[in-house]
Amino acid sequence: MGLNSDLIERDLSVIWHPCTQMKDHESLPLIPIKRGYGVYLEDFEGKKYLDAISSWWVNLFGHSNPYINQKLIEQVNNLEHVLLAGFSHENAIRLAERLIKITPEKLTKVFFADNGSSGIEVALKMSFHYFKNRGEIRPLFISLTNSYHGETMGALSVGDVSLYKEVYNEIIIKSIQVPVPKDQNLESIHQPLNELKNILINRKHEISAIILEPIVQCAGSMHMYHPEYINGVRKLADEFDIHLILDEVATGFGRTGKMFAVEHCDNLSPDFMILSKGLTGGYLPLSVVLTTDKIYSEFYCDYGSGKSFLHSHSYTGNPLACAVANASLDIFENENIINAIQPKIKLMGELLNKFINLPNVANVRQTGMIGAVELKGYKREERIGLKVYKYALENSVILRPLGNVIYFMPPLSISEDEIKEMFRVGFEAVKNLNSVITS
Ligand SMILES: *Cc1c(COP(=O)(O)O)cnc(C)c1O
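Quick word on the layout of surface pockets
Over the atoms rolls a probe the size of a water molecule, and in doing so it shows where empty space is left.
Move 1: When its volume is computed, the second largest pocket comes out at roughly 880 Å³.
Move 2: In this structure, the second largest pocket is lined by 29 residues; those nearest its centre are Leu84, Val110, Phe111, Phe309 and His311.
Move 3: Where the lining of the second largest pocket is concerned, the elements lending two or more residues are α4 (90–102), β4 (107–113), β12 (287–292) and α10 (293–298).
Move 4: Among the elements that make up the lining of the second largest pocket, the one with the highest residue count is β4 (four residues).
Move 5: Tallied by class, the residues present in the lining of the second largest pocket amount to 19 nonpolar, nine polar and one charged.

Notes on the pattern of salt bridges
A side chain with one charge can pair with a side chain of the opposite charge if their charged atoms come near.
Move 1: Using the criterion set out here, one finds 18 salt bridges in the structure.
Move 2: A salt bridge links arginine 134 to glutamate 298; the nearest nitrogen and oxygen atoms lie 3.6 Å apart. With arginine 134 in the loop between α5 (116–133) and β5 (140–144) and glutamate 298 in helix α10, this pair connects stretches of sequence that are 164 residues apart.
Move 3: Measuring nitrogen to oxygen at the nearest pair gives 3.5 Å for the salt bridge that ties aspartate 183 to lysine 182.
Move 4: Look at aspartate 183 and you get partly exposed, because its relative accessible area is 24%.

A closer look at the state of the cysteines
Move 1: Taken as a whole, this structure holds zero disulfides when the rule is applied.
Move 2: Unpaired in terms of disulfides, cysteine 19 finds its nearest cysteine sulfur in cysteine 218, a separation of 15 Å.

Digging into the site of the ligand
Move 1: Every residue lining the ligand is accounted for by Trp57, Asn115, Gly116, Ser117, Tyr148, His149, Gly150, Glu213, Asp247, Val249, Ala250 and Lys277.
Move 2: Between glycine 116 and the ligand, the recorded distance is 2.8 Å, taken from a backbone N or O atom to an oxygen atom.
Move 3: The side chain of aspartate 247 places a nitrogen or oxygen atom 2.6 Å from a nitrogen atom of the ligand.
Move 4: When the ligand is considered free in solution it has 380 Å² of accessible area, and contact with the protein chains removes 84% of it.
Move 5: In terms of residue class, the shell around the ligand is built from four nonpolar, five polar and three charged.

Some thoughts on helix α9 (residues 228–239)
Residues spaced three or four apart along an α-helix point in a common direction, a consequence of the helix completing one turn every 3.6 residues.
Move 1: If you check α9, its first and last C-alpha atoms are 17 Å apart, about what twelve residues at 1.5 Å a residue would give, namely 16 Å.
Move 2: Burial in α9 covers these residues: Tyr229, Ile230, Asn231, Gly232, Val233, Arg234, Leu236 and Ala237.
Move 3: Looking at the buried side of α9, the elements it contacts are β5, β6 (175–178), α8 (190–203), β7 (207–212) and β10 (243–247).
Move 4: Just downstream of α9, aspartate 241 is the residue with a positive phi angle, here 55°.

Quick word on empty space enclosed by the protein
Move 1: For the structure shown, the criterion picks out one cavity of 30 Å³ or more.
Move 2: Taken as a whole, the largest cavity holds about 30 Å³ of empty space.
Move 3: Contributing elements (two or more residues each) for the lining of the largest cavity: α6 (153–157) and α7 (162–165).
Move 4: Per-class residue counts for the lining of the largest cavity are five nonpolar, two polar and two charged.

Analysis parameters
Residues numbered from 1 in each chain as written. Predicted model: local features only at pLDDT ≥ 70, side-chain atom pairs only at ≥ 80, totals over all residues. Heavy atoms only, no water. 1 Å grid on protein atoms, 1.4 Å probe; cavity = no way out; pocket = protein on both sides within 12 Å on 5 of 7 lines; lining within 4 Å. Points joined across faces, edges and corners; volume = space filled by probe spheres on them. Helix = DSSP H or I, 4+ residues; strand = E, 2+ residues; numbered from the N terminus. Nonpolar A, V, L, I, M, F, W, Y, C, P; charged D, E, K, R; others polar. Salt bridge = Lys/Arg side-chain N within 4 Å of Asp/Glu carboxyl O. Buried < 20%, exposed > 50% of the residue type's maximum accessible area, 1.4 Å probe, protein only. Disulfide = S-S within 2.5 Å. Near = heavy atom within 4 Å. Polar contact = N/O pair within 3.5 Å; in protein donor to acceptor, adjacent residues only side chain to side chain. Areas by Shrake-Rupley, 256 points an atom, 1.4 Å probe, with all protein chains shown as cover. Expected span 1.5 Å × (residues − 1). Contact = heavy atoms within 4.5 Å.

That is the geometry; function is a separate question.
Next comes the structure, spelled out in structure tokens:
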């Protein structure tokens with residue numbers, strides 16, 4: 001018996017894994033990981049895997065990064081946690097100051113939560129509550145088709161990936177979906193903006209906010225669209241007096257080639273922006289909701305008025321998480337990461353283009369450090385993604401396709417050689433599928 005199989009047996013007898021049909025593990029081996037370093041994860045038998053998906057899009061600077069480790073150790077030796085109601089600590093303050101400096105101009109207040117979904121809940125509640133404080137009841141939110149904002153009930157309600165949502169239709173809050181632009185071309189934005197406008201003309205008094213994932217809908221199979229659409233949404237939100245919520249949980253912190261995806265738009269400031277995932281460099285759960293003075297002021301009054309935002313999580317603004325978030329921002333500054341990733345983005349683009357000639361590839365797309373290859377000619381039941389996943393694992397790369405879309409979203413610290421290796425295996429996996437199909 002290998003060391004892995006011992007752990008697998010113990011695991012499967014006690015753990016119910018996330019986003020998993022547990023029966024799959026009758027045939028699909030679970031992989032216990034012993035340690036991580038750089039872009040690699042290593043199992044208990046010494047096999048290493050290139051983490052091409054940044055452990056669910058969170059890791060930025062490699063696993064067990066020495067600098068972040070050091071900052072974490074310094075913090076844990078001082079203070080592991082303190083509640084953030086009535087108390088504060090330096091890492092939370094410093095992090096809030098820094099985030100305000102690097103995000104759009106109008107975002108001047110930071111509310112802490114502890115994961116992406118809870119950050120979404122905060123923004124939705126604040127938006128609704130803002131209008132209620134002004135004497136208006138606006139129970140609806142608009143989101144985009146194919147959107148994903150997390151798994152808690154509110155976040156799920158504004159999402160549109162039926163795989164996650166459909167079962168719960170009877171118990172979620174109502175929301176309206178408007179079409180996302182169908183591709184990255186500028187022309188694709190007009191029809192969707194018109195549809196949004198029509199809904200706003202008819203129902204603006206019922207709507208608190210529109211929420212969207214700027215330029216890449218990651219869980220929505222890495223669907224990408226033109227940033228000009230968001231400029232259009234901003235104008236409509238202003239015209240019809242609703243909030244614009246940007247969910248940068250996945251796109252923030254360099255993923256799109258800029259620090260935040262919103263920077264691809266013209267000088268745009270949302271009313272709320274949610275950050276998580278890369279916020280702590282992939283170390284610890286933490287999220288923030290940034291908002292404006294205007295919204296903050298609407299809640300600022302005497303206690304007991306019903307206007308206070310009485311939302312909290314036990315680990316709100318956890319000092320360890322804030323310390324690693326600050327460490328991660330240090331790395332962005334000290335190593336000028338946004339510049340450093342530009343050649344890697346270019347290389348990823350070149351390697352992605354090689355897929356286009358494969359007969360089972362419908363298209364490829366890229367935004368910054370996110371590359372996606374969409375396959376064609378397969379039925380859902382074939383679970384083609386699972387085949388790619390298994391092939392890549394056998395070849396020491398972790399790829400976790402979303403349906404028919406294979407994507408590459410490695411840590412920003414990946415080297416050019418590692419990018420080549422990741423794409424070599426991805427390419428072989430797709431080519432291999434094809435030879436099985438045609439033979
Ligand atoms: C992952 C994700 C969330 C949810 O974050 P969790 O930390 O998993 O709750 C929300 N929005 C987007 C765009 C995400 O990718």
